[in-house]
Structure formats: structure tokens, C-alpha cells
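Each chain, letter by letter, is given below.
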Amino acid sequence: MQRRDFLELTRYAALAVVIPNNWRVRHRPSFADDPFTLGVASGDPTPNGVMLWTRLAPRPLEPGYGMAGARTAVDWEVAEDEGFGRIVQRGRATAAPELGHSLHIDVPGLTPDRWYFYRFASGDAVSPVGRTRTSPAEGTTRPLAFGVAGCQHYEQGLFTAFQHLSREPHDLVIHTGDYIYEYSAIEGRVRRHATDEIQQLEDYRIRYAQYKSDPHLQAAHAACPWVLTWDDHEVDNNYAGDIGENGMESVEQMRARRAMGYQAWWENQPVRLPRVQSWADLQITRTVNWGALARFWVLDTRQYRSDQACGDGNRVVPCGEWSDPARTLLGAAQERWLVDGLGASRSGWQVLAQQVMMGRYDSAVGPDTQVSMDQWSGYPVARDRLLKAIAERAANRTVVLTGDIHSSWVNELQVGFDTPGGPPVAAEFVGTSIASGGDGADESANVERVRAENPHLKWQNNRRGYLSCRVEGDRWETDYRTVPFVSRPDAPVVTASRWRVERGRPGITRI
Ligand SMILES: [Fe+2]
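Residues numbered from 1 in each chain as written. Predicted model: local features only at pLDDT ≥ 70, side-chain atom pairs only at ≥ 80, totals over all residues. Heavy atoms only, no water.

**Let's talk about the overall build of the protein**
Alright, step 1. Each helix and strand counted, the protein has eight helices and 25 strands in total.
Alright, step 2. In terms of C-alpha radius of gyration, the protein reaches 24 Å, essentially the compact-globule figure of 24 Å for 511 residues.
Alright, step 3. Expressed as a percentage of the 511 residues in the protein, the buried residues total 57%.
Alright, step 4. Long-range pairs, those at least 24 residues apart, make up 70% of the contacts in the protein with a sequence separation of at least 6.
Alright, step 5. On the protein, roughly 20,500 Å² of surface is accessible, and the fraction owed to carbon and sulfur atoms is 50%. (Helix = DSSP H or I, 4+ residues; strand = E, 2+ residues; numbered from the N terminus. Rg over C-alpha atoms; globule rule 2.2 N^0.38 Å. Buried < 20%, exposed > 50% of the residue type's maximum accessible area, 1.4 Å probe, protein only. Contact = heavy atoms within 4.5 Å. Areas by Shrake-Rupley, 256 points an atom, 1.4 Å probe, with all protein chains shown as cover.)

**Concerning the coordination of the iron ion**
Alright, step 1. Surrounding the iron ion are the protein donor atoms Cys151 (SG), Asp178 (OD), Tyr181 (OH) and His406 (NE2), at 2.0 to 2.6 Å.
Alright, step 2. One can describe the donor arrangement at the iron ion as irregular, given that its four donor atoms subtend angles of 90 to 163 degrees at the metal.
Alright, step 3. Positions of the donor residues of the iron ion, expressed as sequence spacing, correspond to C-x26-D-x2-Y-x224-H. Of this pair, cysteine 151 sits in the loop between β10 (144–149) and α2 (160–165) while aspartate 178 is found in the loop between β11 (172–175) and α3 (201–212), placing the two residues 27 residues apart along the sequence.
Alright, step 4. Relative accessible area serves as the criterion here: at 1%, cysteine 151 is assigned to the buried category. (Donors = N, O, S within 2.8 Å, 3.2 Å for Na, K, Ca; no water. Tetrahedral: all angles 85-135°; square planar, octahedral: opposite > 155°, others 65-115°.)

**Observations concerning the packing of α3 against helix α5 (residues 251–267)**
In helix packing, the relevant descriptors are the interaxial angle and the interaxial distance, both defined with respect to the helix axes.
Alright, step 1. Between α3 and α5, the shortest axis-to-axis distance is 9 Å and the interhelical angle comes to 35 degrees. Relative to α5, the crossing made by α3 is right-handed. Between α3 and α5, the contacting residues are Leu201, Tyr204, Arg205 and Tyr208 on the first element and Arg257, Met260, Gly261, Gln263, Ala264, Trp265 and Glu267 on the second.
Alright, step 2. Classifying every residue of the contact of α3 with α5 by side-chain character gives six nonpolar, two polar and three charged. (Axes fitted to C-alpha atoms, helices over the stretch in contact; angles between N-to-C directions. Left-handed = near helix turned anticlockwise from the far one by under 90°. Nonpolar A, V, L, I, M, F, W, Y, C, P; charged D, E, K, R; others polar.)

**Examining unusual backbone geometry**
Alright, step 1. Residue proline 318 is bonded to the preceding valine 317 through a cis peptide linkage, with omega at 0 degrees.
Alright, step 2. Mapped onto the elements, proline 318 comes out in the loop between β15 (314–317) and α6 (332–344).
Alright, step 3. Even without being glycine, aspartate 178 reaches a positive phi, approximately 60 degrees.
Alright, step 4. Judged by relative accessible area, which is 0%, aspartate 178 ranks as buried.
Alright, step 5. Even without being a glycine, asparagine 396 presents a positive backbone phi close to 55 degrees.
Alright, step 6. Locating asparagine 396 in the fold gives a position in the loop between α7 (380–393) and β18 (398–402).

**Brief notes about the state of the cysteines**
Alright, step 1. Inspection of every chain in the model, using the stated rule, returns one disulfide.
Alright, step 2. Residue pairing for cysteine 310: its cysteine sulfur links by disulfide to cysteine 319, the two sulfurs lying 1.9 Å apart. On the sign convention where negative means left-handed, the S-S torsion of about 95 degrees between cysteine 310 and cysteine 319 marks this disulfide as right-handed.
Alright, step 3. Take cysteine 319: its relative accessible area is 17%, and that puts it in the buried class.
Alright, step 4. For the unlinked cysteine cysteine 224, the closest cysteine sulfur is that of cysteine 469, found at 13 Å.
Alright, step 5. Judged by relative accessible area, which is 2%, cysteine 224 ranks as buried.
Alright, step 6. Residue cysteine 469 is classed as buried on the basis of its relative accessible area of 0%. (Disulfide = S-S within 2.5 Å.)

Shown next as C-alpha cells:
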């Protein structure tokens, strides 16, 4: 060995002492504060498995959340009983700083159609116990009960709706997005510049931690598996593809922000997603089957959409490039995946879990038609393409579940809303918000004024709450569960209205 080589080697040896320390896993950590402050969650069930989630955060609202960047071992276990006497799966994983000390465990080897209990442990700390379940085996038609929630603006109201949701006998919860809001947390501040909003990974992480500290949200996650999609506020209000709300950012800036928003979302959700080269391209479209009874299509109407036509607001149409057939809401690949899949699926019910309202809402009195450019109504050719495909492949056994607008709507969907009274081909239930919009009201004067112009709109309401759905064979029922206030605790829950869809029969009936 030459002297120079020897020196070179010693230099690397010296480095080797320093660098691997960053990769050393703390197998016996000791925590001054409970690291399981954000609760536990599960999601994306299959007949033989489910995703488990937690995130270590002893001091959740501080930068670094009290973990000091330490790679930390966490044990997990899944049992048939709440006392963990009959453990069926267990393992050890590492919570890593580059992934926000989150854990995503894809548990294998479970039995179809049964409930399980799970928990995590690290050092002397043990997490709360979560309850989860597998989906029924392929081909079976066991009934399904599930909730639908979304839009939980923390500063605008308490999560009382989650308190009630967590007590419902649901097999699943579908979340339609706006899990966090990116706005400046200072209430009453006029928001004009993106700089008022969170933009950095660490800030998104802290925002999730703030929301996840809520005990009612934690209880709802611990009650059953969730299937989540995102909407716009996980990144930036009304963003479209790589175009931000204010149109001030470059494509590179918007992609960087998207990467951080998407990564933080993934770190905080119990989702099973394929790896991607860049977080900016995280692909969340996927299906979840409930035996042969129902297939959920989890859609993303934000990442691949054309920019809103004529601005993001409500506009009298036609305007600008509004009706350009090249414009898309799902993007070509997702649209083809969905349309081909609807044709190939043998599930009794096709369920679209997505963000923005599909039914047209004309908010202008008189001959003008005024619609929201951010919803499917802003992409009329793409909407008709999809509804035509539904009419051909899964007519009147397709149900669209929607979030986004902080109010409840029941829409019969038809091809071509320009011709009122066309035959319904699908049902849409727009869930309201958990908290966004505050206490709300039962009636809307605007909606009443234009009711005659929107004959496919069966019902509308502006209270906070969630949906509770039951599917059994050919019968689908949706209950609108609402709370009269979220500005103070302990609001009771009521069923504001109930609806039925019968498979193969057009229309939605009020129960
Ligand atoms: Fe929202």
C-alpha cells in the first residue's frame, strides 16, 4: 500500500465514524414526553391486509417535534382481541427523520372480513390502541357501512362531528380532502400573498401535527380504517396541476411546494401508494374493493387538471376556453384508467371518492347560467365524457362522493346538464365539512332562489357534519348527519335527511 493510499483510507475511516452515526437506530429510546401524541390510524384495507400508521412527535408543535432527528425503532403488533392476548402479526420498523418520523406498516397475512386491534411501542412508550379490519374476500357481498368526511378547517370550528362519527358502526371512513388548510393561522387576517401561507415541509408537518392533536379526529381514526384522498388545501387553495392559486409562482416553485405538501400528506396518512421519483408526482389514485359489493375509485382532481377557465370563481358561461374539449379535470391517464376500469369491474356498485361537485349548480336567476369554475361545471366537456362512460358502463349503480364546498348537496347526475330533466345515470352525495365554514345554517337563500333552475338538485344544507352510508345488495342509503354548531363543544348530532338509491333504477329517493 502506498502511503498516499493509506492516508486516503484513514480519511475515509475517520469519516466512516461520523457518517454512520446519523444512520444509527435508537433501539431503546427513552422519551421525556409521550411520543404518540398524534394517535394511530389505519387504512386502505384489502382482504388480507391493512396499512397501519403512527408518527412519533413528543413535542408536536415544535420544529423537529422533539425527536432531535434521531432514527428510532418502533414495535407494532396486531391482535384479534383488544387485550392483545391473541397476537397474529408483529414487527419492528424505524421512524426516520427524513420521513417525519412517520410509520407506514403494510400488515400481511390477515383473515378476510374481520376486525383487529393494533398498537405501537417505542422504548417504554405505548401508543393508544386502534381498531381496524380487513375487507371481505373477493366475490362475497357482505353489507358495508361507512362514513364520509372532509374539510376540517381547525380555526373555524371544533371537530364535534368526528366525535359522533367515531361512535358510528362504520366499517370504513372515506375522506374527501382538505384534511388541513394551508392558510396563515392568524384569524381574521386578510390573505393576499402566498407568503402568509405555509410553504415549507416543516411547516406542513407542524400543521398536520396541530390537526392530529385533536382528540375527536384521533378517535375517528382509531375506530376503523380510512380511505383518503386529498383536495387543494393540502397544498394551495384552488391550485391546478403546476399552477398556483395566485399564478405568481413559477412551475419550479409550484412543483417544489407540491412536493412538500404531498410528502407531508403521505407522512401523515395511512395510505398504500407506489413509490415515485419525486414527491411532486405522488400518485394517489387507487381502488379499494369491498368484496363484490362495491369498488371505491379514489380520484385526484387537482394534480392533473387544466387551469380553471376565466379565473377560479363563479362565472357566467360560456366564457374563455371553458368549453374547449382539450381541457381536463382528471388528466388523460387517470380518465382512461377510470373509464376502462368501470367497464371491466364486476362490482355491484362503483363509488367515486373525489373532491369537487359533479352536478351542475346554476347560481344565476334568469336565463344566464353561472357556475363555479373550480368544480366539474368548469370542465363541461370532460364531465360529459365521464358521465357518458358511466351511462354506458355502470348506469345507476355509480355513486359519486364529493367534498370541497362545506355544504351538503344531493344531485342526480345526467349527461348534458344543458337539457334539464335528462335521465339520471348516477347519484352524487356531496358531504358537508367537519368544521370549515363554522356553525352554518340549514337554509340557503341563494339556493332557494334558483331551485327551479336546478331540477336535478334534490336537497341542500349548510350545517357541518358527515355522511353515514349503508350498502346492502341492490340498496344504497345515505344519511346526512349534521351538528347545529361547532363554535362550542358538545353539539348533538341529528339526521338532517336520508336518501335511497336502488341499483339499476334511475334517481335518488328521499326516505
Ligand atoms: Fe374545504
